[in-house]
Amino acid sequence: MARATSVFVCSSCAAETPRWMGQCPGCGEWNTLNEEAKVKPVAAGGRGGGATRAAASRPTRLSDVAAERHARLKTGIGELDQVLGGGLVPGSLVLLGGSPGIGKSTLTNMALGNLEGAGHKTLYISGEESAAQIRLRAERLPGAALQVPVLAETDLDVVLATMEAEAPAVCVVDSVQTLHASDLTGAAGSVGQVREVADRITRVAKQRNIAVLLVGHVTKEGALAGPRVLEHLVDCVLQFEGERERTYRTLRALKNRFGSTNDVGVFEMRSDGLVEVQDASARFVGEATRAPGSVVLAAMEGSRPLLVEVQALVSPSELVPPRRVVNGIDRNRLALVLAVLARHAGIGAGTSDVFVNVAGGVRIDEPGADLAVALAVASAVRGVTMGELAPIACFGEVGLTGELRTVAHADRRLAEAAKFGLKPVIAPGAETPSLRAAVRAALGAPPSRVAA
Ligand code: TYD
Ligand code: MG
(Lines give C-alpha, C1' and ligand atoms only; values in the text may rest on other atoms or scores of the structure.)
(Ligands and ions follow the chains in the order given, each with its own letter.)
Protein backbone atom coordinates (compact mmCIF):
# COMPACT_ATOMS: atom_id res chain seq x y z
CA MET A 1 0.00 0.00 0.00
CA ALA A 2 1.44 3.29 -1.00
CA ARG A 3 1.36 6.09 1.52
CA ALA A 4 1.21 9.73 0.76
CA THR A 5 4.76 10.10 2.09
CA SER A 6 6.31 7.79 -0.46
CA VAL A 7 6.56 7.39 -4.18
CA PHE A 8 7.80 4.60 -6.46
CA VAL A 9 10.71 5.46 -8.69
CA CYS A 10 11.93 3.42 -11.64
CA SER A 11 15.63 2.55 -11.33
CA SER A 12 15.87 2.41 -15.09
CA CYS A 13 14.12 5.54 -16.41
CA ALA A 14 13.40 7.44 -13.14
CA ALA A 15 9.65 7.60 -13.86
CA GLU A 16 7.54 8.11 -10.73
CA THR A 17 4.29 6.42 -9.83
CA PRO A 18 2.19 6.74 -6.69
CA ARG A 19 1.61 2.96 -6.51
CA TRP A 20 3.86 -0.05 -6.92
CA MET A 21 3.51 -1.78 -10.28
CA GLY A 22 5.24 -4.80 -11.72
CA GLN A 23 6.01 -3.02 -14.96
CA CYS A 24 7.24 0.55 -15.22
CA PRO A 25 4.71 2.69 -17.11
CA GLY A 26 7.58 4.85 -18.35
CA CYS A 27 10.01 2.42 -19.95
CA GLY A 28 8.18 -0.90 -19.79
CA GLU A 29 10.90 -2.62 -17.71
CA TRP A 30 9.81 -5.15 -15.12
CA ASN A 31 10.53 -5.00 -11.39
CA THR A 32 12.36 -1.69 -11.53
CA LEU A 33 10.09 0.34 -9.25
CA ASN A 34 11.49 1.07 -5.81
CA GLU A 35 9.81 2.89 -3.00
CA GLU A 36 11.34 6.15 -1.91
CA ALA A 37 10.40 8.81 0.58
CA LYS A 38 8.67 11.68 -1.13
CA VAL A 39 10.73 14.82 -1.41
CA LYS A 40 9.02 17.86 0.09
CA PRO A 41 7.84 20.27 -2.61
CA VAL A 42 10.01 23.36 -2.84
CA ALA A 43 8.33 26.18 -0.98
CA ALA A 44 7.55 29.44 -2.76
CA GLY A 45 9.20 30.55 -5.93
CA GLY A 46 8.06 27.68 -8.13
CA ARG A 47 4.89 29.35 -9.25
CA GLY A 48 4.53 32.49 -11.27
CA GLY A 49 7.53 34.74 -11.66
CA GLY A 50 10.07 32.13 -10.67
CA ALA A 51 11.94 34.53 -8.38
CA THR A 52 13.03 32.97 -5.09
CA ARG A 53 12.32 34.72 -1.80
CA ALA A 54 15.33 33.48 0.13
CA ALA A 55 17.93 36.08 0.99
CA ALA A 56 21.20 35.75 -0.86
CA SER A 57 24.05 34.30 1.11
CA ARG A 58 27.63 35.51 1.01
CA PRO A 59 30.25 33.07 -0.29
CA THR A 60 33.46 32.80 1.74
CA ARG A 61 36.93 32.62 0.27
CA LEU A 62 38.39 29.17 0.94
CA SER A 63 41.40 30.61 2.73
CA ASP A 64 39.05 32.35 5.18
CA VAL A 65 37.07 29.23 5.99
CA ALA A 66 37.78 27.95 9.47
CA ALA A 67 38.67 24.28 9.19
CA GLU A 68 38.86 22.41 12.44
CA ARG A 69 41.36 19.62 12.40
CA HIS A 70 39.95 16.84 14.47
CA ALA A 71 42.21 14.27 15.94
CA ARG A 72 41.52 10.97 14.25
CA LEU A 73 40.06 8.17 16.29
CA LYS A 74 42.53 5.29 16.07
CA THR A 75 40.87 1.91 15.86
CA GLY A 76 44.09 0.29 17.02
CA ILE A 77 43.98 -2.01 14.00
CA GLY A 78 46.95 -0.73 12.01
CA GLU A 79 45.83 -1.94 8.61
CA LEU A 80 42.33 -0.48 9.10
CA ASP A 81 43.65 2.88 10.32
CA GLN A 82 45.98 3.06 7.34
CA VAL A 83 43.24 2.33 4.82
CA LEU A 84 41.07 4.97 6.50
CA GLY A 85 43.89 7.47 6.02
CA GLY A 86 45.03 7.58 9.64
CA GLY A 87 41.96 6.58 11.65
CA LEU A 88 38.28 7.47 11.82
CA VAL A 89 37.31 11.11 11.35
CA PRO A 90 34.78 12.22 14.03
CA GLY A 91 31.31 12.68 12.57
CA SER A 92 32.16 10.82 9.37
CA LEU A 93 30.26 7.96 7.82
CA VAL A 94 32.19 4.91 6.64
CA LEU A 95 30.52 2.16 4.66
CA LEU A 96 32.14 -1.24 5.07
CA GLY A 97 30.98 -3.56 2.29
CA GLY A 98 31.70 -7.23 1.82
CA SER A 99 30.03 -10.56 1.22
CA PRO A 100 28.47 -12.41 4.16
CA GLY A 101 30.91 -14.30 6.37
CA ILE A 102 33.96 -12.33 5.27
CA GLY A 103 34.53 -10.86 8.74
CA LYS A 104 32.83 -7.46 8.80
CA SER A 105 31.28 -8.00 12.21
CA THR A 106 34.54 -9.36 13.56
CA LEU A 107 36.53 -6.37 12.27
CA THR A 108 34.09 -3.75 13.54
CA ASN A 109 33.75 -5.51 16.87
CA MET A 110 37.51 -5.53 17.32
CA ALA A 111 37.78 -1.88 16.32
CA LEU A 112 35.14 -0.85 18.88
CA GLY A 113 36.82 -2.96 21.54
CA ASN A 114 40.10 -1.14 20.97
CA LEU A 115 38.41 2.26 20.94
CA GLU A 116 36.50 1.45 24.14
CA GLY A 117 39.76 0.29 25.70
CA ALA A 118 41.34 3.61 24.73
CA GLY A 119 38.61 5.50 26.57
CA HIS A 120 36.29 6.45 23.71
CA LYS A 121 32.56 5.96 24.03
CA THR A 122 31.32 3.31 21.60
CA LEU A 123 28.08 1.63 20.61
CA TYR A 124 27.50 -1.53 18.57
CA ILE A 125 24.06 -1.73 16.97
CA SER A 126 23.18 -5.03 15.37
CA GLY A 127 20.08 -5.94 13.43
CA GLU A 128 21.64 -9.23 12.41
CA GLU A 129 22.52 -10.99 15.60
CA SER A 130 21.20 -11.17 19.13
CA ALA A 131 23.21 -9.62 21.94
CA ALA A 132 24.08 -13.14 23.10
CA GLN A 133 25.52 -14.05 19.70
CA ILE A 134 27.58 -10.89 19.66
CA ARG A 135 28.90 -11.71 23.10
CA LEU A 136 29.96 -15.19 21.99
CA ARG A 137 31.99 -13.69 19.17
CA ALA A 138 33.48 -10.99 21.38
CA GLU A 139 34.68 -13.65 23.81
CA ARG A 140 37.04 -14.90 21.10
CA LEU A 141 38.41 -11.47 20.36
CA PRO A 142 41.37 -9.83 22.03
CA GLY A 143 41.30 -6.50 23.87
CA ALA A 144 38.28 -4.86 25.41
CA ALA A 145 35.77 -6.32 22.92
CA LEU A 146 33.54 -7.48 25.79
CA GLN A 147 33.28 -3.93 27.18
CA VAL A 148 31.47 -2.60 24.10
CA PRO A 149 27.80 -1.64 24.74
CA VAL A 150 25.47 -3.41 22.30
CA LEU A 151 21.94 -2.88 21.08
CA ALA A 152 20.19 -5.59 19.08
CA GLU A 153 17.51 -3.68 17.21
CA THR A 154 16.03 -3.40 13.73
CA ASP A 155 13.66 -0.45 14.16
CA LEU A 156 15.34 2.64 12.74
CA ASP A 157 13.52 5.05 15.04
CA VAL A 158 14.74 3.21 18.14
CA VAL A 159 18.27 3.07 16.71
CA LEU A 160 18.32 6.81 16.01
CA ALA A 161 16.87 7.68 19.41
CA THR A 162 19.51 5.51 21.10
CA MET A 163 22.31 7.07 19.08
CA GLU A 164 21.11 10.53 20.10
CA ALA A 165 20.72 9.62 23.74
CA GLU A 166 24.03 7.78 24.05
CA ALA A 167 26.01 10.07 21.73
CA PRO A 168 28.97 7.69 21.37
CA ALA A 169 32.16 8.83 19.65
CA VAL A 170 32.02 5.80 17.38
CA CYS A 171 29.02 3.71 16.46
CA VAL A 172 28.78 0.55 14.35
CA VAL A 173 25.53 -0.23 12.54
CA ASP A 174 25.55 -3.89 11.46
CA SER A 175 24.05 -3.96 8.92
CA VAL A 176 22.31 -1.21 7.00
CA GLN A 177 20.17 -3.82 5.24
CA THR A 178 18.58 -5.07 8.45
CA LEU A 179 17.23 -1.75 9.73
CA HIS A 180 13.68 -0.80 8.90
CA ALA A 181 12.09 2.63 8.65
CA SER A 182 8.46 2.14 9.66
CA ASP A 183 7.14 5.02 7.56
CA LEU A 184 8.24 3.29 4.34
CA THR A 185 6.46 0.12 3.27
CA GLY A 186 9.31 -1.68 1.47
CA ALA A 187 10.98 -4.63 3.15
CA ALA A 188 14.20 -4.04 5.08
CA GLY A 189 17.08 -4.15 2.62
CA SER A 190 15.15 -2.76 -0.35
CA VAL A 191 16.74 0.16 -2.17
CA GLY A 192 14.29 2.71 -0.78
CA GLN A 193 14.73 1.45 2.78
CA VAL A 194 18.50 1.30 2.63
CA ARG A 195 18.72 4.82 1.28
CA GLU A 196 16.34 6.17 3.90
CA VAL A 197 18.13 4.36 6.72
CA ALA A 198 21.53 5.67 5.65
CA ASP A 199 20.21 9.16 5.09
CA ARG A 200 18.70 9.46 8.54
CA ILE A 201 21.70 7.91 10.26
CA THR A 202 23.92 10.41 8.43
CA ARG A 203 21.90 13.31 9.77
CA VAL A 204 22.19 12.12 13.37
CA ALA A 205 25.88 11.34 12.91
CA LYS A 206 26.65 14.84 11.62
CA GLN A 207 24.54 16.54 14.31
CA ARG A 208 26.07 14.62 17.20
CA ASN A 209 29.53 14.25 15.70
CA ILE A 210 29.38 10.47 15.83
CA ALA A 211 31.73 8.51 13.57
CA VAL A 212 29.56 5.76 12.11
CA LEU A 213 30.79 2.52 10.61
CA LEU A 214 27.94 1.29 8.46
CA VAL A 215 28.18 -2.39 7.53
CA GLY A 216 26.64 -3.43 4.22
CA HIS A 217 26.41 -6.79 2.48
CA VAL A 218 27.38 -7.11 -1.13
CA THR A 219 26.66 -10.19 -3.16
CA LYS A 220 29.31 -11.71 -5.40
CA GLU A 221 27.90 -9.66 -8.26
CA GLY A 222 27.92 -6.51 -6.11
CA ALA A 223 24.28 -6.15 -7.09
CA LEU A 224 22.34 -6.36 -3.86
CA ALA A 225 20.24 -3.37 -2.99
CA GLY A 226 22.31 -1.27 -0.70
CA PRO A 227 25.96 -0.36 -0.82
CA ARG A 228 25.86 0.77 -4.43
CA VAL A 229 23.17 3.38 -3.76
CA LEU A 230 24.98 4.59 -0.66
CA GLU A 231 28.36 5.35 -2.16
CA HIS A 232 27.63 9.01 -2.78
CA LEU A 233 26.08 9.45 0.66
CA VAL A 234 29.00 8.34 2.78
CA ASP A 235 32.47 9.81 3.25
CA CYS A 236 34.37 6.62 2.81
CA VAL A 237 33.64 3.25 1.22
CA LEU A 238 35.71 0.29 2.33
CA GLN A 239 35.54 -3.05 0.61
CA PHE A 240 36.42 -6.22 2.49
CA GLU A 241 37.33 -8.95 0.04
CA GLY A 242 38.52 -12.52 -0.08
CA GLU A 243 37.10 -16.00 -0.23
CA ARG A 244 35.22 -16.99 2.87
CA GLU A 245 36.85 -20.42 3.01
CA ARG A 246 40.35 -19.01 2.69
CA THR A 247 42.42 -17.34 5.33
CA TYR A 248 43.44 -14.08 3.70
CA ARG A 249 41.27 -11.02 3.31
CA THR A 250 42.07 -7.63 1.83
CA LEU A 251 40.57 -4.34 2.87
CA ARG A 252 40.67 -1.46 0.42
CA ALA A 253 39.14 1.97 0.15
CA LEU A 254 37.04 2.54 -2.97
CA LYS A 255 36.30 6.11 -1.93
CA ASN A 256 37.83 8.22 0.82
CA ARG A 257 37.14 11.89 1.43
CA PHE A 258 39.86 12.03 4.07
CA GLY A 259 42.65 9.98 2.58
CA SER A 260 43.93 8.14 -0.46
CA THR A 261 42.30 5.12 -2.03
CA ASN A 262 45.67 3.51 -2.63
CA ASP A 263 46.19 1.66 0.59
CA VAL A 264 45.26 -1.92 1.08
CA GLY A 265 45.21 -3.85 4.33
CA VAL A 266 45.81 -7.59 4.42
CA PHE A 267 44.27 -9.67 7.19
CA GLU A 268 44.22 -13.29 8.16
CA MET A 269 41.17 -14.87 9.83
CA ARG A 270 42.27 -16.90 12.82
CA SER A 271 40.41 -18.55 15.65
CA ASP A 272 40.88 -15.43 17.75
CA GLY A 273 39.75 -12.87 15.23
CA LEU A 274 41.39 -11.03 12.37
CA VAL A 275 45.13 -10.61 12.51
CA GLU A 276 46.98 -8.06 10.43
CA VAL A 277 49.43 -9.53 7.96
CA GLN A 278 52.30 -7.14 7.54
CA ASP A 279 54.66 -9.51 5.77
CA ALA A 280 52.14 -10.78 3.24
CA SER A 281 54.75 -11.20 0.48
CA ALA A 282 56.91 -13.43 2.67
CA ARG A 283 53.91 -15.65 3.39
CA PHE A 284 52.87 -16.03 -0.20
CA VAL A 285 56.40 -16.61 -1.54
CA GLY A 286 57.06 -19.14 1.23
CA GLU A 287 53.91 -21.02 0.26
CA ALA A 288 54.60 -20.98 -3.49
CA THR A 289 54.66 -24.53 -4.82
CA ARG A 290 57.25 -24.29 -7.60
CA ALA A 291 55.43 -26.97 -9.61
CA PRO A 292 54.63 -26.62 -13.33
CA GLY A 293 51.87 -24.07 -13.63
CA SER A 294 53.07 -21.91 -10.73
CA VAL A 295 54.60 -18.46 -10.97
CA VAL A 296 55.00 -15.52 -8.60
CA LEU A 297 53.31 -12.28 -9.57
CA ALA A 298 54.83 -9.02 -8.37
CA ALA A 299 51.54 -7.21 -7.97
CA MET A 300 50.62 -3.80 -6.66
CA GLU A 301 47.88 -3.71 -4.08
CA GLY A 302 47.22 -0.01 -4.15
CA SER A 303 50.49 1.64 -3.24
CA ARG A 304 51.94 -1.49 -1.68
CA PRO A 305 53.85 -4.13 -3.65
CA LEU A 306 52.71 -7.66 -2.96
CA LEU A 307 54.11 -10.97 -4.19
CA VAL A 308 51.46 -13.61 -4.78
CA GLU A 309 51.52 -17.02 -6.37
CA VAL A 310 49.45 -17.52 -9.51
CA GLN A 311 48.67 -21.13 -10.39
CA ALA A 312 47.25 -22.68 -13.53
CA LEU A 313 46.02 -26.16 -14.34
CA VAL A 314 45.33 -27.26 -17.90
CA SER A 315 43.64 -30.61 -18.30
CA PRO A 316 41.83 -32.46 -21.08
CA SER A 317 38.12 -31.79 -21.15
CA GLU A 318 35.04 -33.59 -22.34
CA LEU A 319 33.03 -30.43 -22.24
CA VAL A 320 32.24 -28.25 -25.23
CA PRO A 321 33.11 -25.49 -24.75
CA PRO A 322 35.83 -26.37 -22.22
CA ARG A 323 35.85 -24.82 -18.79
CA ARG A 324 37.61 -21.56 -18.00
CA VAL A 325 37.61 -21.19 -14.25
CA VAL A 326 39.29 -18.32 -12.41
CA ASN A 327 39.75 -17.40 -8.78
CA GLY A 328 41.13 -14.00 -7.88
CA ILE A 329 41.48 -12.60 -11.40
CA ASP A 330 39.08 -11.36 -14.04
CA ARG A 331 37.67 -14.10 -16.25
CA ASN A 332 37.78 -11.89 -19.33
CA ARG A 333 41.50 -11.28 -18.83
CA LEU A 334 42.06 -15.05 -18.91
CA ALA A 335 40.17 -15.30 -22.20
CA LEU A 336 42.31 -12.51 -23.63
CA VAL A 337 45.57 -14.02 -22.38
CA LEU A 338 44.66 -17.47 -23.76
CA ALA A 339 43.91 -15.97 -27.16
CA VAL A 340 47.20 -14.05 -27.28
CA LEU A 341 49.16 -17.09 -26.05
CA ALA A 342 47.71 -19.21 -28.84
CA ARG A 343 48.00 -16.63 -31.58
CA HIS A 344 51.34 -15.01 -30.78
CA ALA A 345 53.30 -17.43 -28.61
CA GLY A 346 52.31 -20.74 -30.17
CA ILE A 347 50.87 -22.15 -26.96
CA GLY A 348 47.26 -23.16 -27.28
CA ALA A 349 45.11 -24.55 -24.51
CA GLY A 350 42.75 -25.70 -27.28
CA THR A 351 39.93 -27.86 -26.00
CA SER A 352 41.41 -28.33 -22.51
CA ASP A 353 39.88 -27.03 -19.31
CA VAL A 354 41.88 -24.13 -17.87
CA PHE A 355 41.84 -23.24 -14.19
CA VAL A 356 43.68 -20.19 -12.85
CA ASN A 357 43.94 -19.41 -9.20
CA VAL A 358 45.59 -16.69 -7.13
CA ALA A 359 46.80 -18.51 -4.04
CA GLY A 360 45.62 -17.46 -0.59
CA GLY A 361 42.30 -16.05 -1.77
CA VAL A 362 43.76 -12.69 -2.79
CA ARG A 363 42.00 -10.79 -5.57
CA ILE A 364 44.21 -9.07 -8.10
CA ASP A 365 42.54 -6.37 -10.14
CA GLU A 366 45.23 -4.94 -12.34
CA PRO A 367 46.50 -5.52 -15.89
CA GLY A 368 49.96 -6.31 -14.50
CA ALA A 369 48.64 -9.78 -13.67
CA ASP A 370 48.32 -10.75 -17.36
CA LEU A 371 51.88 -11.98 -17.74
CA ALA A 372 51.66 -14.15 -14.63
CA VAL A 373 48.49 -15.77 -15.94
CA ALA A 374 50.13 -16.32 -19.33
CA LEU A 375 53.31 -17.84 -17.88
CA ALA A 376 51.40 -20.05 -15.44
CA VAL A 377 49.23 -21.38 -18.27
CA ALA A 378 52.23 -21.82 -20.60
CA SER A 379 54.13 -23.69 -17.91
CA ALA A 380 51.10 -25.89 -17.20
CA VAL A 381 50.57 -26.67 -20.90
CA ARG A 382 54.22 -27.63 -21.34
CA GLY A 383 54.54 -29.32 -17.95
CA VAL A 384 57.75 -27.42 -17.30
CA THR A 385 58.77 -25.83 -14.00
CA MET A 386 59.92 -22.22 -14.05
CA GLY A 387 62.99 -21.05 -12.17
CA GLU A 388 65.71 -23.44 -11.10
CA LEU A 389 66.81 -22.19 -7.71
CA ALA A 390 64.23 -19.58 -6.82
CA PRO A 391 60.72 -19.09 -8.16
CA ILE A 392 60.44 -16.76 -11.13
CA ALA A 393 58.58 -13.53 -10.53
CA CYS A 394 56.88 -11.53 -13.25
CA PHE A 395 54.51 -8.68 -14.01
CA GLY A 396 53.27 -6.94 -17.14
CA GLU A 397 50.25 -6.34 -19.26
CA VAL A 398 49.69 -8.47 -22.35
CA GLY A 399 48.64 -6.54 -25.44
CA LEU A 400 46.44 -7.91 -28.21
CA THR A 401 49.28 -7.95 -30.71
CA GLY A 402 51.41 -10.10 -28.45
CA GLU A 403 53.48 -7.25 -27.01
CA LEU A 404 54.22 -6.76 -23.33
CA ARG A 405 53.14 -3.41 -22.01
CA THR A 406 54.65 -1.57 -19.08
CA VAL A 407 52.63 -1.15 -15.92
CA ALA A 408 52.90 1.34 -13.06
CA HIS A 409 55.50 1.10 -10.27
CA ALA A 410 57.92 -1.26 -12.01
CA ASP A 411 60.69 -0.18 -9.63
CA ARG A 412 58.73 -1.03 -6.52
CA ARG A 413 57.73 -4.42 -7.88
CA LEU A 414 61.34 -5.22 -8.75
CA ALA A 415 62.50 -4.10 -5.32
CA GLU A 416 59.93 -6.32 -3.60
CA ALA A 417 60.99 -9.33 -5.70
CA ALA A 418 64.65 -8.63 -4.95
CA LYS A 419 63.85 -8.44 -1.24
CA PHE A 420 62.77 -12.08 -1.39
CA GLY A 421 65.60 -13.20 -3.65
CA LEU A 422 63.40 -13.90 -6.64
CA LYS A 423 65.45 -14.08 -9.82
CA PRO A 424 64.95 -13.49 -12.62
CA VAL A 425 62.01 -11.13 -12.78
CA ILE A 426 60.34 -11.24 -16.16
CA ALA A 427 58.87 -7.86 -17.03
CA PRO A 428 58.24 -5.74 -20.11
CA GLY A 429 61.56 -4.42 -21.38
CA ALA A 430 64.21 -4.63 -24.06
CA GLU A 431 64.95 -8.33 -23.49
CA THR A 432 61.35 -9.38 -23.28
CA PRO A 433 59.32 -7.02 -25.44
CA SER A 434 56.76 -9.68 -26.34
CA LEU A 435 54.84 -12.49 -24.72
CA ARG A 436 56.68 -14.96 -26.95
CA ALA A 437 60.04 -13.69 -25.64
CA ALA A 438 58.79 -13.79 -22.07
CA VAL A 439 57.62 -17.40 -22.43
CA ARG A 440 60.99 -18.31 -23.90
CA ALA A 441 62.82 -16.58 -21.06
CA ALA A 442 60.73 -18.35 -18.45
CA LEU A 443 60.45 -21.83 -19.97
CA GLY A 444 63.37 -22.02 -22.36
CA ALA A 445 62.99 -22.86 -26.03
CA PRO A 446 60.04 -25.09 -26.82
CA PRO A 447 60.68 -28.72 -27.72
CA SER A 448 60.67 -29.17 -31.48
CA ARG A 449 57.28 -30.89 -31.61
CA VAL A 450 55.62 -27.74 -30.36
CA ALA A 451 55.06 -25.36 -33.22
CA ALA A 452 57.18 -22.31 -32.50
P1 TYD B 1 31.75 -12.39 10.67
O2 TYD B 1 32.54 -11.26 11.23
O3 TYD B 1 30.51 -12.74 11.40
O4 TYD B 1 31.42 -12.09 9.13
P5 TYD B 1 30.39 -11.03 8.49
O6 TYD B 1 29.96 -10.08 9.55
O7 TYD B 1 31.17 -10.34 7.40
O8 TYD B 1 29.25 -11.79 7.92
O9 TYD B 1 32.72 -13.65 10.65
C10 TYD B 1 32.82 -14.50 9.58
C11 TYD B 1 33.49 -15.82 9.86
O12 TYD B 1 34.71 -15.70 10.54
C13 TYD B 1 32.64 -16.75 10.66
O14 TYD B 1 32.24 -17.80 9.79
C15 TYD B 1 33.51 -17.30 11.72
C16 TYD B 1 34.88 -16.80 11.40
N17 TYD B 1 35.63 -16.37 12.59
C18 TYD B 1 36.89 -16.90 12.83
O19 TYD B 1 37.39 -17.73 12.08
N20 TYD B 1 37.60 -16.46 13.92
C21 TYD B 1 37.09 -15.55 14.80
O22 TYD B 1 37.75 -15.19 15.77
C23 TYD B 1 35.78 -15.01 14.53
C24 TYD B 1 35.17 -14.02 15.48
C25 TYD B 1 35.09 -15.45 13.43
MG1 MG C 1 28.05 -9.93 10.37
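Cut-off values and rules
- Residues numbered from 1 in each chain as written.
- Chains lettered and ligands numbered in written order.
- Predicted model: local features only at pLDDT ≥ 70, side-chain atom pairs only at ≥ 80, totals over all residues.
- Heavy atoms only, no water.
- Core = buried A, V, L, I, M, F, W, Y, C linked by side-chain atoms within 4.5 Å.
- Buried < 20%, exposed > 50% of the residue type's maximum accessible area, 1.4 Å probe, protein only.
- Helix = DSSP H or I, 4+ residues; strand = E, 2+ residues; numbered from the N terminus.
- Contact = heavy atoms within 4.5 Å.
- Near = heavy atom within 4 Å.
- Polar contact = N/O pair within 3.5 Å; in protein donor to acceptor, adjacent residues only side chain to side chain.
- Areas by Shrake-Rupley, 256 points an atom, 1.4 Å probe, with all protein chains shown as cover.
- Nonpolar A, V, L, I, M, F, W, Y, C, P; charged D, E, K, R; others polar.
- Salt bridge = Lys/Arg side-chain N within 4 Å of Asp/Glu carboxyl O.
- Pairing = 2+ DSSP bridges.
- Right-handed = clockwise from strand over helix to strand, strands pointing away.
- Axes fitted to C-alpha atoms, helices over the stretch in contact; angles between N-to-C directions.
- UniProt positions renumbered as here; feature names shortened; annotations may be inferred.
- Parallel < 35°, antiparallel > 145°, perpendicular 65-115°, else oblique.
- Left-handed = near helix turned anticlockwise from the far one by under 90°.
- Arc of directions from axis to C-beta.

1. Some remarks on the nonpolar core
- Residues L297, L334, L341, V356, V377, L435 and V439 are the most contacted members of the largest nonpolar core, which totals 60 residues.
- When residues of this core are traced back to their parent elements, those giving at least two are α7 (280-287), β13 (294-301), β14 (304-315), α8 (331-344), β16 (353-358), α9 (370-382), β17 (393-394) and α11 (435-443).
- In terms of residue count, the dominant contributor to this core is α9 (nine residues).
- Excluding its chain neighbours within four sequence positions, the residues that come into contact with V439 are L341, A345, I347, L375, A378, R382 and G444.
- By size, the runner-up hydrophobic cluster in this structure holds 32 residues, among which are L73, L84, V172 and F267.

2. Thoughts on the site of ligand 1
- Residues in close proximity to ligand 1 total 15 residues, the closest being G101, S105, T106, R270 and G273.
- T106 is positioned with one of its side-chain polar atoms (N or O) 2.5 Å from an oxygen atom of ligand 1.
- Burial of ligand 1 by the protein amounts to 76% of the accessible area it has alone, namely 550 Å².
- Mapped by element, the contributors of at least two residues to the shell around ligand 1 are α2 (104-117), α3 (131-140) and β11 (264-270).
- Considering every element that reaches the shell around ligand 1, the biggest residue donor is α2, with three residues.
- Looking at the shell around ligand 1, its residues break down into four nonpolar, six polar and five charged.

3. Overview of the pattern of salt bridges
- Following the criterion strictly, the structure yields 21 salt bridges and no others.
- The partner of K121 in a salt bridge is E166, with the nearest N and O atoms 3.7 Å apart. In this pair, K121 sits in the loop between α2 and β5 (122-126) while E166 sits in helix α4 (residues 156-166), placing the two residues 45 residues apart along the sequence.
- The partly exposed category is assigned to K121, whose relative accessible area is 41%.

4. A look at the pairing of strand β15 (residues 324-327)
- As judged from the four bridges shared by β15 and β16, these two strands associate in the parallel manner. The residue bridging R324 from the neighbouring strand is V354, located in β16.
- Running through α8, the crossover from β15 to the neighbouring parallel element β16 is left-handed.

5. With respect to the sheet that holds β5
- Pairing in this open sheet of nine strands is mixed, and the strands run β6-β5-β7-β8-β4-β9-β10-β11-β12 from one edge to the other. Pairing within the sheet leaves two strands with one partner each, and these edge strands are β6 (150-152) and β12 (273-276). Taking each pair of neighbouring strands and ignoring which way they run, the sheet shows an average axis angle of 25°.
- Two elements, strand β9 (residues 236-241) and strand β10 (residues 248-256), share six bridges in a ladder whose sense is antiparallel.

6. A look at the UniProt feature "domain: RecA family profile" (unreviewed entry) in the protein chain
- The positions UniProt marks with the feature "domain: RecA family profile" (unreviewed entry) are residues 69-218.
- When the span residues 69-218 is considered, its composition is 40% helix and 17% strand, and the gap between its end C-alpha atoms is 33 Å.

7. Looking at the packing of α9 against α11
- One can describe the packing of α9 onto α11 by two numbers: an axis separation of 10 Å at closest approach and a directional angle of 55°. Taken together, the axes of α9 and α11 are oblique relative to one another. Crossing handedness for the pair α9 and α11: right-handed. Residues L371, A374, L375, A378, S379 and R382 of α9 form the contact with α11, whose own contacting residues are L435, A438, V439, A442 and L443.

8. Examining unusual backbone geometry
- Here the bond from V320 into P321 is cis, since omega is -5°, no more than 30 degrees from zero.
- Checked against the element boundaries, P321 lands in the loop between β14 and β15.
- Cis rather than trans, the peptide bond between K423 and P424 has omega equal to -10°.
- If you trace the backbone, P424 turns up in the loop between α10 (410-419) and β20 (425-426).
- Even without glycine at this site, A167 takes up a positive phi of about 40°.
- In this fold, A167 is placed in the loop between α4 and β7 (170-174).
- The exposure class of A167 is partly exposed, given its relative accessible area of 35%.
- Of note, the phi angle at N209 is positive, near 60°, even though the residue is not glycine.

9. Some thoughts on the sheet that holds strand β2 (residues 16-17)
- Strands sit in the order β2-β1-β3 across an open sheet of three strands; the sheet is antiparallel. The open sheet terminates on both sides in strands that have one partner only, identified here as β2 and β3 (33-37).
- Bridge count between strand β1 (residues 6-10) and β2: two bridges; the pairing is antiparallel. If you follow F8 over to β2, its bridge partner there is T17.

10. Side note on α3
- Buried within α3 we find I134, R137 and A138. Viewed along the axis of α3, the buried residues span an arc of 100°, placing them on a single side of the element. Turned more than 90 degrees off the buried face of α3, the exposed positions are A132, L136 and R140.
- Buried residues along α3 sit against α2, β5 and β6.

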